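Take a look at the letters that make up each chain.
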Amino acid sequence: MDFVILTLSVFILVILGYLVFVDTNPNSPPCIRGWIPWFGAAFEFGKAPLEFIAQARLKYGPVFTVFAAGKRLTFVTLHEDFHTFFMSKDVDFEQAVQEPVHNTASISKESFYKFHPACNSLIKGRLTQGNLSLLSSHLCEEFNYNLELLGSKGSGGLSDLVRSVMYPAVMSNLLGKCNSPSCPATVQEFKDKFRIYDEGFEYGSQLPDIFLREWAKSKQWLLSLLDNMIIKAEGSSRSTEAGTKTLLQHLVTTITDKFLPNYGLLMLWASLANAIPIAFWALAFILSNPSVHRKAVEQITEVLKNQDTAQTGVTAAELQKLSYLKWCILEAIRLRAPGAITRRVVRPIKIQNYTIPPGDLLMISPFWAHRNPKYFPDPEDFKPERWEKADLVKNVFLEGFVAFGGGRNQCPGRWYALMEIHMIVTLILYKYELTLLDPLPKPSTLHLVGTQQPAGPCRVQYKHR
Ligand code: HEM
């Protein structure tokens, strides 16, 4: 009995101490911390993070902290503060993502801090607008090849269809055809393992491998695949001309420690994980909107004329003429943008009237930022025409659009992303007559990392034109 009373007393004291002492700084933003020490608001937040952020914004104002699983996440929701988020020297990208990188790609802390800057510059340098023409015709061949494997007609999940084409095509395009698996059984195994890895990535970024056995096994399988691909890339590197080297061949000369395959896996994930849901949503929005569908197909037919629908060539110049389709893609990105992006506060930083303490993870939500009617009137509506105002020829997006982040760590793959999504959507709409068999699904509220996944099924019927 004494033991029970003692345990209860200690427990109550811990909770009281936690409630009284945590976060007493009067300049800190309001903090939602639940009542369970360490866990804080983790359960409520984890159930539906995007909805939680919207409710908290209404209740606590434009800057608020969520205390969850031992971490303080401070959300900044006003556009006027985004510049500080992206440009301030008091916040740091690497310190914010190091732990998730360790959990998802098993890269040590030392290696990450040593090689991340060079890795980032490499991707930025290889995927400039100017370099895209080196990649686009091969990507188009790969898309055609993988689309033809679907047969002349069929039906299935639209998301699965997009995945089964984009996974192998983008891997071959960025990491090299001769380095990528060619045997159909291995390609299928790659698709299955990569899907498990991608779907579990958000949980994998927070939890140790022992809690996610199937996911950890897929990660190991992918790492050994990357290991083999690197051996091939190293072999072929000497005989390849500098201008035609793949991203993997460049990576081989940049990363000089044992984590080279791990960086390869992370790069592959970054190139697919956000782009695939957007290709899905762009197609789903277009197909569920008859007038948009008609307009898009008319423009594609006008630009591509009477091409062979089995081997359709789409050049970078032709993509430029397909402006309406590009608006559709940007509108899909706007509506299904990443749930959150993050920086670590390294020195006290002032936002509104608050001082955010070092150690906090500073967060902005592109998903919610894109629903501000001041920047995007009728924010929930899919309106491709709103992009007419953007100066896309000069690569300027609409004001308030932050899907690719900003500052030094802005997405280095954004031009490649737009090109690959534009191309796959063009090819699918040109080659097939498509009908959606389900109503347009809502986005899932479960995820904060990356672009949004559909909450329900979305099947499609397709027939070769
Ligand atoms: C629609 C598709 C995409 C979206 C919405 C997207 C969005 C983002 C965002 C929000 C970030 C973080 C930026 C920040 O914190 O300021 C990021 C980082 C990154 N993205 Fe993308 N991305 C997409 C496609 C791609 C593609 C296709 C690639 C590669 C080919 C890529 C490579 C990367 C890499 C390597 C980083 C990390 C940058 C660093 O370490 O500093 N992304 N992306």
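Residues numbered from 1 in each chain as written. Predicted model: local features only at pLDDT ≥ 70, side-chain atom pairs only at ≥ 80, totals over all residues.

### Regarding the sheet that holds strand β3 (residues 71-76)
Consideration 1: Spatial ordering of the open sheet is given by β1-β2-β3-β9-β6-β4, a layout of 6 strands whose pairing is mixed. Each edge of the open sheet is held by one strand with a lone partner, namely β1 (31-32) and β4 (91-92).
Consideration 2: Relative to β3, strand β2 (residues 63-68) runs antiparallel, the two sharing 6 bridges. Considered in β3, the bridge of Ala68 is made with Lys71.
Consideration 3: In the packing of helix α3 (residues 49-60) onto the sheet, the strands contacted are β1, β2 and β3, and the crossing angle to β2 comes to about 130°.
Consideration 4: The strands touched by helix α5 (residues 93-105) within the sheet are β4, β6 (341-345) and β9 (361-364), with β6 carrying the most contacts at an inclination of about 110°. (Pairing = 2+ DSSP bridges. Helix = DSSP H or I, 4+ residues; strand = E, 2+ residues; numbered from the N terminus. Contact = placed C-beta atoms within 7 Å. Axes fitted to C-alpha atoms, helices over the stretch in contact; angles between N-to-C directions.)

### Notes on the UniProt feature "transmembrane region" (unreviewed entry) in the protein
Consideration 1: Residues annotated by UniProt as "transmembrane region" (unreviewed entry) correspond here to residues 263-287.
Consideration 2: Helix makes up 96% of residues 263-287 and strand 0%. Its end C-alpha atoms lie 37 Å apart. (UniProt positions renumbered as here; feature names shortened; annotations may be inferred.)

### Considerations on the UniProt feature "binding site: heme" (unreviewed entry) in the protein
Consideration 1: Listed under "binding site: heme" (unreviewed entry) in the UniProt record, and renumbered for this structure, are Cys411.
Consideration 2: As for its position among the elements, Cys411 is in the loop between α18 (366-369) and α19 (414-431).
Consideration 3: Residue Cys411 is classed as partly exposed on the basis of its 19 C-beta neighbours within 10 Å. (Buried ≥ 20, exposed ≤ 12 C-beta atoms within 10 Å, placed from the backbone.)

### Remarks on the site of the ligand
Consideration 1: Looking at the ligand, there are 24 residues lining it, with Ser271, Asn274, Gly405, Cys411 and Gly413 nearest.
Consideration 2: Looking at the shell around the ligand, the elements that each hand over two or more residues are α6 (109-126), α13 (260-273), α14 (275-287) and α19.
Consideration 3: Grouping the constituent residues of the shell around the ligand by class yields 15 nonpolar, 9 polar and no charged. (Near = placed C-beta within 6 Å. Nonpolar A, V, L, I, M, F, W, Y, C, P; charged D, E, K, R; others polar.)

### Focus on the pairing of β9
Consideration 1: In β9, alternate side chains face the same way, and those of Leu361 and Met363 on one face and Leu362 and Ile364 on the other are all buried.
Consideration 2: Pairing between β3 and β9: 3 bridges, direction parallel. Looking at β9, one finds that Thr74 is bridged to Leu362.
Consideration 3: Sheet topology note: the β6/β9 ladder contains 4 bridges and is antiparallel.

### A look at the sheet that holds strand β11 (residues 459-464)
Consideration 1: Strand order in the open sheet formed by 3 strands is β5-β11-β10, with antiparallel pairing between adjacent strands. Of all strands in the sheet, those bounded by a partner on one side alone are β5 (153-157) and β10 (432-436). On average, each strand axis in the sheet is tilted by 20° relative to the strand beside it, whichever way the strands run.

### Considering α14
Consideration 1: End to end, α14 covers 18 Å across 13 residues, agreeing with the expected 18 Å (1.5 Å per residue, within 8%).
Consideration 2: Most of α14 is tucked away, with 13 of its 13 residues classed as buried. (Expected span 1.5 Å × (residues − 1).)

### Some words on unusual backbone geometry
Consideration 1: Here the phi dihedral of Ala69 falls at roughly 50°; this positive angle occurs in a residue that is not glycine.
Consideration 2: By the secondary structure assignment, Ala69 is in the loop between β2 and β3.
Consideration 3: In this structure, Asp378 is a non-glycine residue whose phi angle is positive, near 45°.
Consideration 4: Within the secondary structure, Asp378 is located in the loop between α18 and α19.

### Some points on the environment of Glu199
Consideration 1: When you line up the elements, Glu199 lands in helix α9 (residues 184-199).
Consideration 2: A count of 15 C-beta atoms within 10 Å places Glu199 in the partly exposed class.
Consideration 3: A C-alpha to C-alpha distance of 9.0 Å links Glu199 and Ala273, two positions 74 residues apart in sequence.

### Thoughts on the nonpolar core
Consideration 1: Counting 127 residues, the largest nonpolar core has Ala279 and Ala282 as the members making the most contacts within it.
Consideration 2: Looking at this core, the element that brings in the most residues is α14, giving 12 residues.
Consideration 3: The residues contacting Ala279, other than those within four sequence positions of it, are Val162, Met166, Ile421, Ile424 and Val425. (Core = buried A, V, L, I, M, F, W, Y, C linked by C-beta atoms within 7 Å.)

### Structural notes on the packing of α14 against α19
Consideration 1: Interaxial distance between α14 and α19 falls to 10 Å at its minimum, and their mutual angle equals 40°. Viewed along their axes, α14 and α19 adopt a mutual orientation that is oblique. Remark: the crossing between α14 and α19 carries right-handed chirality. Here α14 contributes Ala275, Ile278, Ala279, Ala282 and Leu283 to the contact with α19, which in turn contributes Ala417, Glu420, Ile421, Ile424, Val425 and Ile428. (Parallel < 35°, antiparallel > 145°, perpendicular 65-115°, else oblique. Left-handed = near helix turned anticlockwise from the far one by under 90°.)

### Some details on the packing of helix α8 (residues 158-175) against α13
Consideration 1: Packing of α8 against α13 leaves a shortest axis separation of 10 Å and a crossing angle of 130°. Comparing the axis directions of α8 and α13 gives the class oblique. The chirality of how α8 crosses α13 is right-handed. Facing Met166, Tyr167, Val170, Met171, Leu174 and Leu175 of α8, the residues of α13 in contact are Leu268, Ser271 and Leu272.

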